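# Close look at the chain arrangement
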Amino acid sequence: MKYFWPVSNSLTGLYGAAVVGLAAALMHLWSGLDYNEFGRLLSAISMLAFHTLAILIIGRQSPGSKLLKLVVLLWHIGLWLFCWTLFAGVLALPFYYSALAPLGGQILIIGWLLLVVSAWRKDVK
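Residues numbered from 1 in each chain as written. Predicted model: local features only at pLDDT ≥ 70, side-chain atom pairs only at ≥ 80, totals over all residues. Heavy atoms only, no water.

On to the overall build of the protein, then. Across its full length, the protein holds four helices and zero strands. With the principal axes as the frame, the protein shows a C-alpha extent of 50 × 25 × 20 Å. Buried positions account for 38% of the 125 residues belonging to the protein. In the protein, the share of contacts with a sequence separation of at least 24, taken over all contacts with a separation of at least 6, comes to 69%. Surface accessibility of the protein: about 7600 Å² in total, with carbon and sulfur atoms responsible for 73%. (Helix = DSSP H or I, 4+ residues; strand = E, 2+ residues; numbered from the N terminus. Buried < 20%, exposed > 50% of the residue type's maximum accessible area, 1.4 Å probe, protein only. Contact = heavy atoms within 4.5 Å. Areas by Shrake-Rupley, 256 points an atom, 1.4 Å probe, with all protein chains shown as cover.)

Quick look at the structure:
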């Protein structure tokens, strides 16, 4: 667990760069996408951007908490499953499996619910 936050922050930095790059690419692809494809990409980019900020905030708030580390780990896993699936489906990338997006979304929700639990735990401050 010594490298948890450095790895998490490195991934989060890559997410931030991906958000900017993907948003720019989406503007160039806009005319070649149908409404559903555009919506999927926009949803994935938005989810990635929002969770990027949330991970950074949690990491700065209480880096020693095991429960918050679990929250962040679940968010990383959920983002990879959810966002990659949406990107891969629209952009014809490898390793596309549509059932991973709902699983990723559920994992993200579990992470958020554990964040609620952490608010009431005395050992998380």
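A word on a nonpolar patch on the surface. On the surface, Ile109, Leu113, Val116 and Trp120 cluster together into a nonpolar patch covering about 500 Å² of accessible area. Within the fold, valine 116 resides in helix α4 (residues 100-119). (Patch = residues over 30% accessible without salt bridge, like charges linked within 9 Å, V, L, I, M, F, W, Y side chains within 5 Å. Salt bridge = Lys/Arg side-chain N within 4 Å of Asp/Glu carboxyl O.)

In the structure shown here, the tally under the stated rule is four aromatic pairs. Taken together, a centroid distance of 4.9 Å and an interplanar angle of 90 degrees make the contact between phenylalanine 4 and tryptophan 5 edge-to-face. By relative accessible area, which is 12% here, tryptophan 5 ends up buried. Between tryptophan 75 and tryptophan 112, the ring centres sit 4.5 Å apart and the planes meet at 45 degrees, which makes this aromatic pair tilted. You can see tryptophan 75 sitting in helix α3 (residues 66-91) and its partner tryptophan 112 sitting in helix α4, a full 37 residues away along the chain. (Phe/Tyr/Trp six-rings, centres within 6.5 Å; stacked < 30°, edge-to-face > 60°.)

Attention now goes to the packing of helix α2 (residues 35-61) against α3. At a minimum axis distance of 9 Å, the contact between α2 and α3 shows a crossing angle of 160 degrees. Taken as axis vectors, α2 and α3 run roughly antiparallel relative to one another. Seen from above, α2 lies across α3 with left-handed handedness. Here α2 contributes Glu37, Arg40, Leu41, Ser43, Ala44, Ile45, Met47, Leu48, His51, Ala54, Ile55 and Ile58 to the contact with α3, which in turn contributes Leu68, Val72, Trp75, His76, Leu79, Phe82, Cys83, Leu86, Phe87, Val90 and Leu91. (Axes fitted to C-alpha atoms, helices over the stretch in contact; angles between N-to-C directions. Parallel < 35°, antiparallel > 145°, perpendicular 65-115°, else oblique. Left-handed = near helix turned anticlockwise from the far one by under 90°.)

Taking 1.5 Å per residue, 26 residues should reach 38 Å; α3 reaches 37 Å between its end C-alpha atoms and fits that length. Two or three places before leucine 67, at the opening of α3, serine 65 has a side-chain oxygen 3.4 Å from that residue's backbone nitrogen. Of the residues one or two after α3, alanine 92 is the one with positive phi, at around 55 degrees. (Expected span 1.5 Å × (residues − 1). Polar contact = N/O pair within 3.5 Å; in protein donor to acceptor, adjacent residues only side chain to side chain.)

The next subject is the side chain of serine 8. Along the polypeptide, serine 8 turns up in helix α1 (residues 4-29). By relative accessible area, serine 8 is classed as buried at 1%. Each residue touching serine 8, except ones within four places of it in the same chain, is listed here: Ile55, Val72 and His76.

This part takes up the environment of isoleucine 55. Tracing the chain through its elements places isoleucine 55 in helix α2. Among the residues examined, isoleucine 55 registers a relative accessible area of 0% and is labelled buried. Separated by 54 residues in sequence, isoleucine 55 and isoleucine 109 place their C-alpha atoms 14 Å apart. Beyond its immediate stretch of four places on either side in the chain, isoleucine 55 contacts Ser8, Thr12, Tyr15, Val72, Trp75, His76 and Leu79.

Viewed as axis vectors pointing N to C, α3 and α4 meet at an angle of 160 degrees, and their least axial separation amounts to 7 Å. By the angle between their axes, α3 is roughly antiparallel relative to α4. As α3 runs across α4, the sense of the crossing is left-handed. Looking at side-chain class alone, the contact of α3 with α4 contains 21 nonpolar, six polar and no charged residues. (Nonpolar A, V, L, I, M, F, W, Y, C, P; charged D, E, K, R; others polar.)

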